[in-house]
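Architecture and fold: a report
As a plain string of letters, each chain reads:
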Amino acid sequence: MKTQKSSENNADNIQRRKFVKLLSAGSVGAVTLGTSFSGCASPQDKPVEATSQPGKKVLMKLGCQSGGTTEENLAFKARHGVYHLDGGMPAMIAGKGWDLEDSLRKKEACEKYHINLDAYHLPLTSAGIDRVAVPNIMLGKSPERDREIEMIQQMIEVAAKTGIKVLNYNTTILPVLRTERTIDPKRGNTSYSTWNYEEALKMEQPLTVAGNVGIEEIFERITYLLDRVLPVAEEYKVKLANHIADPPAPEGYRGITRWNSPDVFEGIKRFAQLYDSPYHGFNFCIGSIAEGLNDPATEIFPIIDWVGKRKQIFNVHLRNIKGGWNNFQEVYPDNGDMNFFHVMRALRDVEYDGMVMPDHVPYSDAPGANLQAFSFAYGHISALLQAISTEG
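Read on for a plain summary of the structure.

Scoring rules and cut-offs
Numbers given for residues are sequential positions, taken from 1 along each chain in its written order. In keeping with the model being predicted, local features are shown solely for residues with a pLDDT of at least 70 and side-chain atom pairs are shown and tallied solely at 80 or more, while totals for entire chains, interfaces and linings include all residues. Water and hydrogen atoms were dropped before computing side-chain values, which therefore reflect all heavy atoms in the structure. Axis lines are fitted through C-alpha atoms, for helices just across the contact stretch, and the angle between N-to-C directions can take any value from 0 to 180 degrees. Each helix is a run of H or I in the DSSP string that is no shorter than four residues. Each strand is a run of E no shorter than two, and both are numbered from the N terminus. For classification, angles of less than 35 degrees are called roughly parallel, those exceeding 145 degrees roughly antiparallel, those between 65 and 115 degrees roughly perpendicular, and all remaining angles oblique. It is the rotation of the near helix from the far one that decides the hand of a crossing: anticlockwise by less than a right angle makes it left-handed, clockwise makes it right-handed. Here a residue-residue contact requires only that any non-hydrogen atoms of the pair lie within 4.5 Å. All residues other than Ala, Val, Leu, Ile, Met, Phe, Trp, Tyr, Cys, Pro, Asp, Glu, Lys and Arg, Gly among them, are scored as polar; the first ten of these are nonpolar and the last four charged. As used here, the term nonpolar core means buried Ala, Val, Leu, Ile, Met, Phe, Trp, Tyr and Cys residues forming a set that is joined through side-chain atoms within 4.5 Å. Note on exposure labels: buried denotes an accessible area under 20% of the residue type's maximum, exposed denotes more than 50%, and partly exposed covers the range between, all computed with a 1.4 Å probe on protein chains only. In protein, a polar contact requires one atom able to donate a hydrogen and another able to accept it; more generally it is a pair of N or O atoms within 3.5 Å, and residues adjacent in sequence count only if both atoms are side-chain atoms. Only the six-membered ring of Trp is used, alongside the rings of Phe and Tyr, when aromatic pairs are assigned; centres must lie within 6.5 Å, and planes under 30 degrees apart are stacked while those over 60 apart are edge-to-face, with the rest tilted. One requirement defines pairing of two strands: DSSP has to find at least two bridges between them. What counts as a salt bridge is simple: a side-chain nitrogen of Lys or Arg found within 4 Å of a carboxyl oxygen of Asp or Glu.

This part is about the packing of helix α6 (residues 144-162) against helix α8 (residues 215-236). The contact between α6 and α8 brings their axes to 10 Å, and the two run at 30°. On the basis of their axis angle, the class for α6 and α8 is roughly parallel. For the element pair α6 and α8, the recorded crossing hand is right-handed. Together, R145, D146, I149, I152, Q153, I156, E157 and A160 of α6 and E220, R221, Y224, L225, R228, V229, V232, A233 and Y236 of α8 make up the contact between the two elements. A class-by-class count of the residues in the contact of α6 with α8 yields 10 nonpolar, 1 polar and 6 charged.

Pasting the structure below:
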């Protein structure tokens with residue numbers, strides 16, 4: 001005779017299996033809300049070319065990079081089950097680097113809420129060459145870049161002394177490229193950040209202070225940096241995670257050929273193979289990679305497989321889009337062209353063990369909308385992690 005407890009366990013297992021099947025079939029948002037969204041790929045529209053290995057242990061964790069280490073933000077993260085964090089940057093000491101004492105205070109603040117401070121962002125950000133704090137590295141300007149590199153070396157040491165295992169960074173000249181916003185009335189008039197290359201050309205934007213920089217010069221500047229900072233990262237056992245240039249763009253746009261352009265997969269391969277080091281890899285932004293693909297729903301999987309098996313995925317930004325190369329919108333995780341259940345499966349199957357985080361979320365001017373959007377993303381990722389850990 002079955003006990004009431006065993007009957008409840010059987011019912012829970014049945015519900016989990018049903019949930020996994022629903023996730024496999026389409027987006028969790030469409031299942032939950034009973035709605036569909038124009039342009040959202042389904043298994044009937046596009047076959048998902050991804051293999052699965054049920055039973056593999058899920059090693060990745062829900063994380064985030066927004067909000068910093070304020071009391072308010074850490075409490076918000078803890079309430080939503082986010083116990084891994086990219087804490088941004090410690091305070092800067094002019095001409096030297098990061099303030100170790102401030103960094104240790106950030107760690108202590110996180111520990112109060114049982115949050116792991118797993119990563120920081122180096123000041124090599126995506127803001128663009130006119131706004132980044134250390135511009136001379138990607139301008140290739142010596143001796144100024146050498147002084148900036150010495151600061152990066154000091155920051156690696158501070159990170160290690162704080163227990164930080166990953167430093168995210170960018171090697172770009174142009175900022176994040178967008179042209180407009182697209183309103184979605186089916187999602188409460190949400191506003192999606194949009195890139196359309198043809199519209200960008202009509203803007204006739206000038207060159208940056210960097211002028212014309214070809215792909216070989218870009219890689220020369222990247223290797224000049226990494227030749228000098230990667231040995232320090234190896235010494236202190238801190239992983240350097242380069243973010244995919246957002247978005248990949250046609251060759252020579254505004255005088256610049258980005259390191260992952262015009263073929264995003266070939267650019268990723270070239271960057272990955274610059275060094276044979278467990279501390280050289282990627283801040284693997286699913287959305288930014290998808291922006292360089294013609295069919296993200298299927299083309300993302302060979303890239304996850306190739307980079308993941310090389311153990312060069314150090315951090316994951318889980319961002320969905322509609323569209324692809326030269327024309328896309330950043331949307332919610334459940335209504336884009338990629339089925340994130342299959343994406344998370346693929347990450348599990350290459351034994352990725354770092355954070356999975358939302359980085360950009362759709363915008364609304366409704367009160368509290370930004371935190372609501374992040375909360376939705378946290379719940380979506382958390383549900384996906386549970387689903388892929390219980391299937392099979």
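Having put the structure on the table, let's press on.
In this structure, L167, W259, F284, I286 and M344 are the most contacted members of the largest nonpolar core, which totals 104 residues. If one sorts the elements of this core by residue count, α8 sits on top with 10 residues. Not counting residues within four places of it along the chain, the set of residues in contact with L167 comprises W98, Y120, L122, M155, I156, A159, V238, K239, L240 and A241. Of all hydrophobic cores here, the second largest spans 6 residues; its members include A241, F314, M355 and M357.

Right, let's get into the environment of G354. Of note, G354 is situated in the loop between α12 (340-349) and β14 (355-357). G354 sits in the buried class, given a relative accessible area of 11%. A sequence separation of 292 residues divides G354 from L62, and the C-alpha atoms of the two residues are 8.6 Å apart. Apart from residues lying up to four places away in sequence, G354 is in contact with M60 and K61.

Attention shifts here to the environment of E299. Its location among the elements puts E299 in helix α11 (residues 296-309). Since its relative accessible area comes to 30%, E299 is described here as partly exposed. As for E299 and M338, which are separated by 39 residues in sequence, their C-alpha atoms are 9.8 Å apart. Excluding anything up to four places from it in sequence, E299 contacts L293 and N294. A distance of 3.4 Å separates the side chain of E299 from the backbone nitrogen of N294, its partner in a polar contact.

What follows concerns the packing of aromatic side chains. Going through the model one piece at a time under the given rule, you end up with 12 aromatic pairs. When the ring of W259 is compared with that of F271, the centres are 5.1 Å apart and the planes differ by 35°; the resulting orientation is tilted. One end of the pair, W259, is in the loop between β9 (239-243) and α9 (264-272); the other, F271, is in helix α9, with 12 residues separating them in the sequence. Of the residues examined, W259 reaches a relative accessible area of 2% and is grouped as buried.

Turning next to the sheet that holds strand β12 (residues 320-324). Ordered in space as β7-β8-β13-β12, the 4 strands form an open sheet in which the pairing is antiparallel. Only two strands of the sheet have a single neighbouring strand rather than two, namely β7 (180-184) and β12. This sheet shows a mean twist of 25° between the axes of neighbouring strands, independent of strand direction. Bridging between β7 and strand β8 (residues 190-196) involves 5 bridges; their strand directions are antiparallel. For D184, the partnering residue across the bridge sits in β8 and is T190.

Scanning the entire structure with this criterion turns up 21 salt bridges. D246 serves as the salt-bridge partner of R178, at 3.1 Å between the closest nitrogen and oxygen. Here R178, found in the loop between β6 (166-169) and β7, pairs with D246, found in the loop between β9 and α9; they are 68 residues apart in sequence, far enough to count as distant. In this structure, R319 engages D359 in a salt bridge whose closest nitrogen and oxygen atoms are separated by 2.7 Å. Pair noted here: R319 is in the loop between β11 (313-317) and β12 and D359 is in the loop between β14 and α13 (369-390), with a separation of 40 residues, a long-range link. Overall, the relative accessible area of 2% leaves R319 in the buried class.

The values are spatial; any link to function lies outside them.
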